[in-house]
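Survey of secondary and tertiary structure
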Amino acid sequence: MDTNLPISAQPRVVIIGCGFGGLRLAKALRKAPVQVVVIDRNNYHNFQPLLYQVATGALEADSIAYPIRKIFAGQPNFFYRMADVQRVDPARNTLTTSVGDIRYDYLVLATGSLTNFFGLESIERNAMQIKSIPNALNLRSYIFQNFEKALLTDDPAAKQALLNIVVVGGGPTGVEISGSLAEMRKHVLPKDYPELDLRAMQIFLVEAGAELLGPMSLASQADAKRYLVELGVKVQLNTSINRYEDGKAYFSDTEFIPTENLVWAAGVNGAEVPGLPPEVVARNKRINVNGWNQVQGQTNIFAIGDVANLVSHDMPRGLPMLAPVAQQQADHLAANIQRLLRGEAPKDFKYLNKGAMAIVSRNKAVVDMPGNIHFNGIFGWATWLFVHLMTLVGFRNKVVAFVDWAFSYFSSDQALRLIIRPFNRKDMMDDPGKAKAEHRTATPEYTPAPPAIQTPVNA
Ligand SMILES: Cc1cc2nc3c(=O)[nH]c(=O)nc-3n(C[C@H](O)[C@H](O)[C@H](O)COP(=O)(O)OP(=O)(O)OC[C@H]3O[C@@H](n4cnc5c(N)ncnc54)[C@H](O)[C@@H]3O)c2cc1C
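The protein carries the name NADH:ubiquinone reductase (non-electrogenic) in an unreviewed UniProt entry, which gives Hymenobacter frigidus as its organism. Turning to the protein, the UniProt record has this under Catalytic activity (unreviewed entry): "a quinone + NADH + H(+) = a quinol + NAD(+)".

Structure, rendered in structure tokens:
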């Protein structure tokens, strides 16, 4: 039953997910008198904040991932099973997984989040998302495949749709990917595709709200928008894409942007695990937890990071879905589990906000620090690079990322524009958490867009 996990006299803490929260928690329990079992469907930790750089050819996929077993080599109380967790049974303290059942004494959900398509079926079926390394590699291959296709058509409307890129969602991911694509259009594509008239290529960043970078300061919002506009990105605020099919991204019943490249970065839901009572699952599929990250109504089940819905007086919609939140909750929970083992009362979690940042392009980033401190430009950019380099997991990854960035900076080039996995929209739903067989069969083969009447979006 126990998938060959060793029997131990010590209580077993099972952690689902080795993202920012799960990894940190398993490390923090290194010296605790427990057996730590980590389950993840991938055998690597994925540094999601740099996924967009893999998607735009700035970094190799291998430099933002790190093998889980290597991270924990030498930690005697650590065990890993590569598996998909399908269900939790709180009455039996057991998980159903793709490799068999696993018993726990304490369970920690650190499953992160999944792309939220807000029930927009055509977008879920046809858009590209950016939550995983396969997503990022697909996005890169797909965009470059479309440039290759654009060379082969004489139909101006079809060519336009193949070149246009629409990014939906004006949060940090949408801002960062649009800026990076605009830089690629300026520095890389003219060298690679001298036969294409790249003036026809438009990059749209579409945001339903009135501002980019919603939770950041007004100064950061304004700077990011200005940087993007200077790079030629068409920023469309107060605009919602509600349908995407046949190469048309609709923002009303009849008005659309012709595009074969739609990147959906408009929101996420908690990656809940079935089996918990329905009342603990909040509206955005995050799991309701109390101040010690204990799941509502459960004594030995906890949730941390993106999947945890920890509501407080000053954060009525829950803590932000950010890596530092997951890491701080992991450290705190490790201490609380040890308190519980000693028969002591756990303590409430308090989030320490260390600031937020977003990069737009070379020498252009925005940074907000506690105390209303805001800075931008080259200083913001250097800060962004330093923080991301330092937080990447593994010395090799830091070196490789540094070399790739230095090469791009001095050559204005991004070396990694390989189409390594010829790809079409039928393969889009490659995330095991989201895979839907009917989408694989129902999506039509790629055909160039029919001549589209482009309705200009509000300037
Ligand atoms: C493109 C992008 C850019 C981002 N940029 C930033 C940024 O600049 N700064 C910032 O602070 N945050 C950023 N974030 C958010 C940040 O990555 C998340 O807040 C953080 O990863 C949350 O950590 P976590 O441990 O909760 O989940 P994750 O890091 O998402 O880890 C979840 C893990 O659980 C595994 N898993 C999930 N379900 C199952 C299951 N059923 N069975 C087995 N395994 C499972 C997954 O494989 C994954 O390894 C970004 C996110 C994205 C997608």
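One can find Ser408 in helix H12 (residues 395-411). A residue is classified by how much of its surface remains accessible, and Ser408, at 15% relative accessible area, is buried. In this structure, the C-alpha to C-alpha distance between Ser408 and Pro172, residues 236 residues apart in sequence, is 21 Å.

Right, let's talk about the sheet that holds strand S23 (residues 356-361) for a bit. Overall, antiparallel pairing links the 3 strands, which are arranged S23-S24-S25 in an open sheet. Unpaired on one side and paired on the other, S23 and strand S25 (373-376) mark the two borders of the sheet. Strand after strand, the sheet turns through a mean of 10° between neighbouring axes, direction not considered.

Turning our attention to the domain arrangement of the protein. By domain assignment, the protein separates into domain 1 (12-41 + 83-115 + 269-341) and domain 2 (121-266 + 362-442). Summarising the inter-unit geometry, the C-alpha centres of domain 1 and domain 2 are found 31 Å apart.

Around the ligand lies a shell of 27 residues, among which Gly21, Asp40, Gln48, Val85 and Asp306 are the nearest. The contact in question runs from a nitrogen atom of the ligand to an N or O atom on the backbone of Arg41, over 3.2 Å. At 2.9 Å from a nitrogen atom of the ligand is found a main-chain nitrogen or oxygen belonging to Val85. For the ligand, whose unbound accessible area comes to 990 Å², protein coverage reaches 89%. Among the elements of the structure, helix H1 (20-28) and helix H10 (323-341) are those that each provide at least two residues to the shell around the ligand. Residue contributions to the shell around the ligand peak at 3 residues, all from H10. Of the residues assigned to the shell around the ligand, the class counts are 12 nonpolar, 10 polar and 5 charged. Counting only domains with at least three residues in the shell around the ligand, you end up with domain 1 (12-41 + 83-115 + 269-341) and domain 2 (121-266 + 362-442).

All right, on to the UniProt feature "domain: FAD/NAD(P)-binding" (unreviewed entry) in the protein then. The UniProt entry lists residues 12-330 under the feature "domain: FAD/NAD(P)-binding" (unreviewed entry), expressed in the numbering used here. As a span, residues 12-330 carries 29% helix and 24% strand, and end to end its C-alpha atoms are 17 Å apart.

In the structure shown here, the tally under the stated rule is 8 aromatic pairs. Arranged with centres 6.3 Å apart and planes meeting at 20°, the rings of Phe117 and Trp264 form a pair that is stacked. Taken as a pair, Phe117 in the loop between strand S10 (113-115) and helix H4 (121-126) and Trp264 in strand S18 (residues 261-264) lie far apart in primary sequence, 147 residues in all. For the residue pair Phe117 and Trp264, the accessibility class agrees, reading buried in each case. Taken together, the ring pairs connect Phe144, Phe147 and Tyr193 into an aromatic cluster. One Lys or Arg, Arg243, reaches over the ring of Tyr250 and ends 3.9 Å from the middle of that ring.

Cut-offs and rules
Residues numbered from 1 in each chain as written. Predicted model: local features only at pLDDT ≥ 70, side-chain atom pairs only at ≥ 80, totals over all residues. Heavy atoms only, no water. UniProt positions renumbered as here; feature names shortened; annotations may be inferred. Helix = DSSP H or I, 4+ residues; strand = E, 2+ residues; numbered from the N terminus. Buried < 20%, exposed > 50% of the residue type's maximum accessible area, 1.4 Å probe, protein only. Pairing = 2+ DSSP bridges. Axes fitted to C-alpha atoms, helices over the stretch in contact; angles between N-to-C directions. Domains from an automatic or database assignment. Near = heavy atom within 4 Å. Polar contact = N/O pair within 3.5 Å; in protein donor to acceptor, adjacent residues only side chain to side chain. Areas by Shrake-Rupley, 256 points an atom, 1.4 Å probe, with all protein chains shown as cover. Nonpolar A, V, L, I, M, F, W, Y, C, P; charged D, E, K, R; others polar. Phe/Tyr/Trp six-rings, centres within 6.5 Å; stacked < 30°, edge-to-face > 60°. Lys NZ or Arg CZ within 6 Å of the ring centre and 35° of its normal.

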